[in-house]
Amino acid sequence: MKISVIGTGYVGTVSAACFADLGHEVICVDIDKSKIDRINAGIPPIYEEGLSELLKKYAGKRLHATSDYDFAIKNSEVSFLCVGTPPDPRGNIDLGIVKAAGAGIGRSLGTKKGYHVIVVKSTVVPGTTETVVLPAIEEHSGKHIGEFGIAMNPEFLREGKAVHDFMNPDKIVVGSMDKKSADLVASLYQGLKCDVIRTNLRTAEMIKYANNAFLATKISFANEIGNICKELGIDTYEVMKAIGRDFRIGPHFLNSGAGFGGSCFPKDVKALIGKARETGYEPELLNSVLEVNEKQPHRMVSLLKDKLGSIKGKKIAVLGLAFKNDTDDIRESRSIPVIKELLDNGANVSAYDPMANGNMKKIFNIKYYGSAIDALRGADACLVMTEWDEFRSLDKEFDVMEKKLVIDGRHMLTPGKDVEYVGLCW
Ligand code: UGA
């Protein structure tokens, strides 16, 4: 089938490359010329494991990129909307980009002959596809639903593992208003071993939010229990390992520590809270999920102060700046509130991340190093913020510290006896 993908962020680019791998012809559309050039040259605009190989294989063959909406819509039968849905200043979802992309598709659709299905993949609050995207397409195309089809097909791709997750889904959700559109979208995934869950548009939108909100809730639950365990001298990781054996709970996303970050969980939970409030419902549980998450980074600094007293003028090494391992993405990273609090308290911060130093430089003017040992040299304490594999084996590196105090926010380390090791929740 011929597919166009609007928006070349990590969801758009990964979906485009994976659809090409499934045998489809794909056109990527973006207003950013530099991203278009990179994709056409087979170079990923972002880092994603496995993406480079796919782009190299299909760019210029089954995969093309352009900024020309008309060309993309006319040369495809189905368009995926994969644009960003950032938060507005109050934390609610900002649908400006989605609306603009809907209008762009609509304008091109107006002069196109033949049936076309528009599929919303962007994460949008329930009701958006029907009450925002559909009217924008109808207004700008002069066509009515039925002359074209619409569907909602949320993504469940983890950043960094998005290619793997696309090719090995545990569910494919297709929301639609009619069978014809749903059949077409479902057929695009033929070849993947997975059932397609068919539903209506707003249920598909809600499934995405409920999925992320539940995972975020699991993490905040693990952190709450972890904080209680810490007070009681219990290792919460032993507790979670045991409760994770209950098939109704499951072993994943129970790792307590500095909390969740990234461009999805914090934003999506806030957007769901905002949507719930619009209906007059106050979502107490979701409010608490965010509250627990906001407090975790401050608990890191509190532990540090308990150990060192005043941290004014002290050298504190922060290991890990990305919101999780294997990415350079620092959006909502838990290291941001930690570094801010350290600086507010007059500490000298030295930092190291295998991939994210460059991005964090745009926010904080602190000292950045090219290795953990360089950041640790002469430090009075070290805070571990991101679950990078290379931190697991750190041990002798702590010898270069002035005072060998390590506060672990990710349950990563097993340093030798001469290091004072403090776990955040264990
Ligand atoms: C998340 C979801 O996992 C994807 O399914 C979803 O498609 C994506 O959001 C999205 O909405 O687009 P992602 O943000 O890439 O994916 O990151 P995760 O791997 O889920 O991790 C999120 C955060 O939770 C990280 O900061 C991680 O350190 C933290 N985390 C994760 C914990 O603190 N504890 C855990 O047990 C697991």
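This text gives an overview of the structure that appears in the document. (Residues numbered from 1 in each chain as written. Predicted model: local features only at pLDDT ≥ 70, side-chain atom pairs only at ≥ 80, totals over all residues. Heavy atoms only, no water.)

### So, the environment of Ala162
Here's step 1: For Ala162, the position within the fold is in helix H7 (residues 162–167).
Here's step 2: For Ala162, a relative accessible area of 0% puts it in the buried group.
Here's step 3: Sequence separation between Ala162 and Phe253 is 91 residues; the distance between their C-alpha atoms is 17 Å.
Here's step 4: In this structure Ala162 touches Tyr10, Val14, Glu48 and Leu157, once residues within four positions along its chain are discounted. (Helix = DSSP H or I, 4+ residues; strand = E, 2+ residues; numbered from the N terminus. Buried < 20%, exposed > 50% of the residue type's maximum accessible area, 1.4 Å probe, protein only. Contact = heavy atoms within 4.5 Å.)

### Here's the deal with the state of the cysteines
Here's step 1: Throughout the structure, instances matching the rule amount to 0 disulfides.
Here's step 2: Cys18 takes part in no disulfide bond, and the closest cysteine sulfur, belonging to Cys28, lies 11 Å away.
Here's step 3: The thiol sulfur of Cys28 is not disulfide-bonded, and the nearest other cysteine sulfur, from Cys82, lies at 9.0 Å. (Disulfide = S-S within 2.5 Å.)

### A short note on the site of the ligand
Here's step 1: Around the ligand sit 22 residues, and of these Glu159, Lys208, Asn212, Phe323 and Glu387 come closest.
Here's step 2: In this structure, Tyr10 approaches the ligand through a side-chain N or O atom, which is 3.1 Å from an oxygen atom.
Here's step 3: Notes on the ligand: free accessible area 720 Å², of which the protein chains cover 94%.
Here's step 4: Listing elements by their share of the shell around the ligand, those giving two or more residues are helix H9 (201–232) and helix H11 (265–278).
Here's step 5: The element that contributes the greatest number of residues to the shell around the ligand is H9, accounting for 3 residues.
Here's step 6: Its residues assigned to classes, the shell around the ligand comprises 10 nonpolar, 4 polar and 8 charged. (Near = heavy atom within 4 Å. Polar contact = N/O pair within 3.5 Å; in protein donor to acceptor, adjacent residues only side chain to side chain. Areas by Shrake-Rupley, 256 points an atom, 1.4 Å probe, with all protein chains shown as cover. Nonpolar A, V, L, I, M, F, W, Y, C, P; charged D, E, K, R; others polar.)

### Quick look at unusual backbone geometry
Here's step 1: Its identity is not glycine, yet Phe253 carries a phi of approximately 60 degrees, on the positive side.
Here's step 2: Under the relative-accessibility criterion, Phe253 is labelled partly exposed at 33%.
Here's step 3: In this structure, His411 is a non-glycine residue whose phi angle is positive, near 50 degrees.
Here's step 4: Considering the arrangement of structural elements, one finds His411 in the loop between strand E13 (405–408) and strand E14 (420–423).

### Considerations on the pattern of salt bridges
Here's step 1: Tallied over the full model, the rule gives 24 salt bridges.
Here's step 2: Salt-bridge contacts for Lys161 lead to Glu49; the nearest nitrogen and oxygen are separated by 2.9 Å. Of the two residues, Lys161 sits in the loop between strand E6 (149–152) and H7 while Glu49 sits in the loop between helix H2 (33–40) and helix H3 (51–58), which places them 112 residues apart along the sequence. (Salt bridge = Lys/Arg side-chain N within 4 Å of Asp/Glu carboxyl O.)

### Things to note about the side chain of Glu48
Here's step 1: By the element assignment, Glu48 lies in the loop between H2 and H3.
Here's step 2: One buried charged side chain, Glu48, makes no salt bridge at all; its nearest oppositely charged neighbour is Lys324, positioned 7.1 Å away.
Here's step 3: Within the local environment of Glu48, its side chain forms a polar contact with the backbone nitrogen of Lys161, the two atoms lying 3.4 Å apart.
Here's step 4: Within polar-contact distance, the side chain of Glu48 engages the backbone nitrogen of Ala162 at 3.2 Å.
Here's step 5: The contacts of Glu48, once residues within four sequence positions are left out, are Tyr10, Val14, Arg158, Glu159, Gly160, Lys161, Ala162 and Val163. (Lys, Arg positive; Asp, Glu negative; His and termini not counted.)

### Re helix H6 (residues 128–141)
Here's step 1: Taking 1.5 Å per residue, 14 residues should reach 20 Å; H6 reaches 18 Å between its end C-alpha atoms and fits that length.
Here's step 2: Where H6 is buried, its residues meet strand E4 (78–81), helix H5 (96–110), strand E5 (117–120), E6 and H9.
Here's step 3: Taken from the residues just after H6, Gly142 is the one with a positive phi, measuring 75 degrees. (Expected span 1.5 Å × (residues − 1).)

### Observations concerning the nonpolar core
Within soluble globular proteins, side chains that are nonpolar generally end up buried alongside one another.
Here's step 1: Ranked by internal contacts, the top residues of the largest apolar core, which has 51 residues, are Leu304, Leu319, Leu342, Cys382, Leu383, Phe391 and Phe398.
Here's step 2: Counting 40 residues, the second-largest nonpolar core is a separate cluster that includes Ile27, Leu109, Val120 and Ile137. (Core = buried A, V, L, I, M, F, W, Y, C linked by side-chain atoms within 4.5 Å.)

### So, the packing of aromatic side chains
Here's step 1: Per the counting criterion, the structure on display carries 8 aromatic pairs.
Here's step 2: Ring centres of Tyr352 and Phe391 lie 6.2 Å apart, and the angle between their planes is 65 degrees; this geometry places the pair in the edge-to-face category. Taken together, the residues Tyr352 in strand E10 (residues 348–352) and Phe391 in helix H16 (residues 389–392) connect sequence positions 39 residues apart. Accessibility classification places Tyr352 together with Phe391 in one group, the buried group. (Phe/Tyr/Trp six-rings, centres within 6.5 Å; stacked < 30°, edge-to-face > 60°.)

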